Amino acid sequence: MIKTGIGYDVHQLAEGEKLILGGVEIPSEVGAVGHSDGDALLHAIVDALLGAAALGDIGQFFPSEDDQWKDADSLHFLNVVGEKVRSAGFEINHIDSIIILQKPKLAGFIPEMKYKIAYTLQMDEGQVSVKATTTDHLGYIGEGKGIAAQVIVTIEG
């Protein structure tokens, strides 16, 4: 059986915070405000994987009210969820993602993001797609105040 899952995450941006996407720290004047490391891309992937396997959502496993996840590395979340998906009898076939951010430009960081995601989930990099776009200065994201990520995954089992 082939199943799909959709993930979405959004974070406010602020000065003094780190911008981490796909497990990669991106040089930026602003970063994501979050309980963990604020990695919107990995959070959306985690939710998509959990949704595809009908295992719940990120908040059930890594609640923001729990101090053990304060400033946590979201690659750990991805690793744990990848194991849960495999333990439920599924293999991850493909991840397609898009980061929505006005600046900085992300093209030069995407290969490392793909590598880290694929390595963490024990996948081939050809099974992971990471794209980036802007909102052409429209809305909250376009004003440089936020970041969002959307993901769709396919699993089989």
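To be clear, the structure that these remarks concern was listed above.
Asks: I'd love a proper account of the packing of aromatic side chains, names of residues and values included.
Replies: Going through the model one piece at a time under the given rule, you end up with 3 aromatic pairs. Centroid distance Phe 61 to Phe 62: 6.4 Å. Interplanar angle 45 degrees. Geometry classified as tilted. Of the residues examined, Phe 61 reaches a relative accessible area of 26% and is grouped as partly exposed. You can call Phe 62 buried: its relative accessible area is 9%. Aromatic pair Tyr 115 and Tyr 119: ring centres 5.8 Å apart, planes at 20 degrees, arrangement stacked.

Asks: Before we move on, can you summarise the environment of Gly 142 with the specific residues and values?
Replies: Tracing the backbone shows Gly 142 in helix α5 (residues 139-142). In this structure the C-alpha to C-alpha distance between Gly 142 and Lys 114, which are 28 residues apart in sequence, comes to 25 Å. For Gly 142, the residues in contact, after removing those within four places along its chain, are Gln 102, Thr 135 and His 137.

Asks: Explain the sheet that holds strand β6 (residues 128-133) to me, and be specific about the residues and the numbers.
Replies: If you walk across this open sheet you meet the 5 strands as β4-β1-β7-β5-β6, and the pairing is mixed. Across the chains shown, the open sheet's two edge strands, defined by having one partner strand only, are β4 (30-32) and β6. The average angle at which neighbouring strand axes cross in this sheet is 20 degrees, direction not considered. Two elements, strand β1 (residues 2-15) and strand β7 (residues 146-156), share 11 bridges in a ladder whose sense is antiparallel.

Asks: Please give an account of the environment of Asp 96 that cites residues and values.
Replies: Summarising the element assignment, Asp 96 is placed in strand β5 (residues 91-100). The contact partners of Asp 96, leaving out residues within four places of it in the chain, are Ser 129, Lys 131, Gln 150, Val 151 and Ile 152. In this structure the side chain of Asp 96 is engaged in a polar contact, spanning 2.4 Å, whose partner is the side chain of Lys 131.

Asks: Account for the pattern of salt bridges, naming residues and giving values.
Replies: Overall, the coordinates contain 3 salt bridges when judged by the stated rule. Of the charged contacts, one joins Lys 131 and Asp 96 as a salt bridge, the two residues approaching to 2.4 Å between their closest N and O atoms. Highlighted residues: Lys 131 in strand β6 and Asp 96 in strand β5, separated in sequence by 35 residues. We classify Lys 131 as partly exposed; its relative accessible area is 33%. Note that Lys 145 and Glu 143 form a salt bridge whose closest N and O atoms lie 3.2 Å from each other. Owing to a relative accessible area of 41%, Lys 145 belongs among the partly exposed residues under this scheme.

Criteria and cut-off values
- Counting restarts for each chain, with residues numbered from 1 along the sequence as it is written.
- Only residues with pLDDT of at least 70 get local features here, since the model is predicted, and only at 80 or more are side-chain atom pairs given and counted; chain-wide, interface and lining totals rely on the full set of residues.
- Working from all heavy atoms in the structure, the side-chain values ignore hydrogens and water.
- Stacked, tilted and edge-to-face are the three classes applied to pairs of Phe, Tyr and Trp rings, where Trp contributes its six-membered ring and a pair requires centres within 6.5 Å; stacked means planes under 30 degrees apart, edge-to-face means over 60, and tilted covers the rest.
- Between buried and exposed lies partly exposed: a residue is buried under 20% and exposed over 50% of the maximum accessible area for its type, with that area taken using a 1.4 Å probe on protein chains only.
- Runs of H or I in DSSP of at least four residues are treated as helices and runs of E of at least two as strands, each being numbered from the N terminus.
- Only heavy atoms matter for contacts: two residues are in contact if any of them lie within 4.5 Å across the pair.
- When DSSP finds two or more bridges between two strands, those strands count as paired.
- Here the axes come from fitting lines to C-alpha atoms, over the contacting stretch only for helices, and the angles between their N-to-C directions go from 0 to 180 degrees.
- Any pair of N or O atoms that falls within 3.5 Å is considered a polar contact. Within protein, one atom must be able to donate a hydrogen and the other to accept it, and sequence-neighbouring residues count only if both atoms are side-chain atoms.
- Here a salt bridge means any side-chain nitrogen of Lys or Arg lying within 4 Å of a carboxyl oxygen belonging to Asp or Glu.

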